[in-house]
Amino acid sequence: MKFLKLSSTLLLATLSLSGSSCSKKQESGIPVGQFASLTGGQATFGQSTDKGVQLALEEINGSGGVLGQPIRMITKDNQSKPGETSTVVRELITRDKVVALIGEVASGRSLEAAPIAQRSGIPMISPASTNEKVTETGDHIFRVCFIDPFQGTVCAKFAGKLAAQKAAIITDVSKDYSLGLAKSFKAEFLKNGGVITGEQSYSGGDKDFSAQLTAIKSANPDVVFLPAYYTEAPLIIRQARQLGITAPFIGGDGWDSTELISVGGSAVEGCYFSNHFSNQSTDPQVVAFVDAYRKKYHEDPDAMVALGYDSLKLLADAMKRAGTTDPDKVNAAIAATKDFPGITGKITLDEHRNPTKSAVMLQVKNGKFAYVETIAP
Ligand code: PHE
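Since the model is a prediction, treat every value here as computed from it, not as a measurement.

(A) Quick peek at the pairing of strand S7 (residues 195-202). One ladder, built from 7 bridges, connects strand S6 (residues 166-172) with S7; its direction is parallel. Counterpart to Ile169 in the pairing with S7 is Glu199. The parallel pair S6 and S7, bridged by helix H7 (residues 176-191), forms a crossover whose chirality is right-handed.

Below is the structure:
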């Protein structure tokens, strides 16, 4: 009996040992973490980024990986929920032992993750967070996109091109992104001699904007600047049209989702927004990327796809230059990135860990995002 018990314990021990060595084997490769809103309110942000990351991963690992090893992406969903990002980022760092992090799209969620990455000494590359404060968190926080002090300027200059003298602004006070973008738009629009006729606000998740829009209607602006996410922008514009506001709306990159059109319908026709990338570009590198993406996913890539792709490619390049996956050395190599040929433009990181890149202006035309122009920094 005793012998039997012992042997079964041994058997169990052997089984669990072989189990762990088996899972070790499956877990080979360089662990890189991604945190993204794959579900929840802003699911298209995270899904798009992840599709771009997966395409880059396929290409990197398909051509031999990095330093003789494949990259192993570990992707965690924060469900678009505040508070959830810190949980998944801690897991990625302490349990999965990732050597670098990619995320997030929304500035608010990048701001949640950044102090954790910084304290842990793990480099973090945000694909798409444009709020200035994100990379100010510390020397381990990078991004591959332009920042909102630039993006707001782009939108204000564009409003000037539409001969707008009076602009109204509607801000989402629950988002650092919206607050920052509103501020830089306003400063530039005033600097160019424009007048701000009305400043209204709402909070992410609101559904009824009639009070704000009634006030805006009576101010009679030439344009309305709406630094919102796609989750509210089409609702606001639809309600504006119902109230008889005919002025064009201008937004920022947060509008970038096919849901802007599926929800906004004809109300959003003719509106403009700034973005990081146009999938209509004729640049050969972009054309090849768009083709590869269409082949894999049977749809057109948005800006977050391109930025997610650029983030992982840039990280892989930095690891190669570092010659090691040691987070400190990788961090230094990312910081030294110069003229990296991204799909969204050439990326050189400055001393604040931000690139200087052009923006594109897109217009909603016949239910599609049509390229209008490129605005250089
Ligand atoms: N720039 C936005 C933010 O910081 C996120 C975003 C980027 C949304 C690109 C769409 C496209 O919150």
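Here the narrative resumes, following the displayed structure.
(B) Representation of the layout of surface pockets within the structure. Computed from the structure, the largest pocket encloses a volume of approximately 540 Å³. Forming the walls of the largest pocket are 24 residues, and the residues nearest its centre are Thr258, Asn279, Asp300, Asp302 and Phe369. For the lining of the largest pocket, the elements supplying multiple residues, two or more each, are helix H2 (43-62), helix H10 (258-264), helix H12 (303-322) and strand S14 (368-375). Ranked by the residues each element gives to the lining of the largest pocket, the list is headed by H2, at 4 residues. Here the residues of the lining of the largest pocket sort into 8 nonpolar, 10 polar and 6 charged. When residues of the lining of the largest pocket are assigned to domains, at least three map to each of domain 1 (27-146 + 282-357) and domain 2 (149-275). Its boundaries defined by the atoms lining it, the second largest pocket holds a volume of some 380 Å³. Taken together, 20 residues form the lining of the second largest pocket, with Ser281, Val286, Ile343, Thr344 and Gly345 sitting closest to its centre.

(C) View of the side chain of Gln212. If you trace the backbone, Gln212 turns up in helix H8 (residues 210-219). In this view, Gln212 contacts Gln200, Ser201 and Tyr202; residues no more than four positions away in its chain are not counted.

(D) Structural detail: the nonpolar core. By size, the foremost hydrophobic cluster in this structure holds 70 residues, and its most contacted members are Phe185, Leu312 and Leu315. In terms of residue count, H12 provides more of this core than any other element does, 12 residues in total. Each of domain 1 (27-146 + 282-357) and domain 2 (149-275) contributes no fewer than three residues to this core. Ignoring sequence-local partners within four residues, the contact set of Leu312 consists of Val32, Val53, Ala56, Leu57, Ile60, Ile71, Met73 and Ile102. Core analysis: the next-biggest nonpolar cluster, separate from the first, contains 27 residues, Ala228, Ala240, Cys271 and Phe273 among them.

(E) Broad picture of the site of the ligand. Taken together, 13 residues form the shell around the ligand, and within it Ser107, Ala128, Thr130, Tyr229 and Asp253 come nearest. Backbone polar atom of Ala128 to a nitrogen atom of the ligand: 2.9 Å apart, as the coordinates give it. Between a nitrogen atom of the ligand and a side-chain N or O atom of Asp253, the distance comes to 2.7 Å. In isolation the ligand has 320 Å² of accessible area, and contact with the protein removes 100% of it. In this structure, the ligand is accommodated by the largest cavity.

(F) Empty space enclosed by the protein, seen in detail. For the structure shown, the criterion picks out 2 cavities of 30 Å³ or more. Here the largest cavity is characterised by a volume of approximately 110 Å³. Residue lining of the largest cavity: 15 residues in total, with Phe45, Val105, Ala128, Asp253 and Gly254 positioned closest to the centre. Among the residues making up the lining of the largest cavity, the classes are represented as 8 nonpolar, 5 polar and 2 charged. Both domains that furnish three or more residues to the lining of the largest cavity are identified here as domain 1 (27-146 + 282-357) and domain 2 (149-275). Put simply, the second largest cavity is a space of about 40 Å³. Looking at the second largest cavity, the residues that line it are Gln34, Phe35, Ala36, Ser37, Gly46, Thr49, Ile102, Gly103, Glu104, Val105 and Pro127. Among the secondary structure elements, those contributing two or more residues to the lining of the second largest cavity are strand S1 (30-36) and H2. Looking at the lining of the second largest cavity residue by residue, the classes come out as 5 nonpolar, 5 polar and 1 charged.

Conventions we followed
Residues numbered from 1 in each chain as written. Predicted model: local features only at pLDDT ≥ 70, side-chain atom pairs only at ≥ 80, totals over all residues. Heavy atoms only, no water. Pairing = 2+ DSSP bridges. Helix = DSSP H or I, 4+ residues; strand = E, 2+ residues; numbered from the N terminus. Right-handed = clockwise from strand over helix to strand, strands pointing away. 1 Å grid on protein atoms, 1.4 Å probe; cavity = no way out; pocket = protein on both sides within 12 Å on 5 of 7 lines; lining within 4 Å. Points joined across faces, edges and corners; volume = space filled by probe spheres on them. Nonpolar A, V, L, I, M, F, W, Y, C, P; charged D, E, K, R; others polar. Domains from an automatic or database assignment. Contact = heavy atoms within 4.5 Å. Core = buried A, V, L, I, M, F, W, Y, C linked by side-chain atoms within 4.5 Å. Buried < 20%, exposed > 50% of the residue type's maximum accessible area, 1.4 Å probe, protein only. Near = heavy atom within 4 Å. Polar contact = N/O pair within 3.5 Å; in protein donor to acceptor, adjacent residues only side chain to side chain. Areas by Shrake-Rupley, 256 points an atom, 1.4 Å probe, with all protein chains shown as cover. Sits in = over half its atoms within 2 Å of the grid points.

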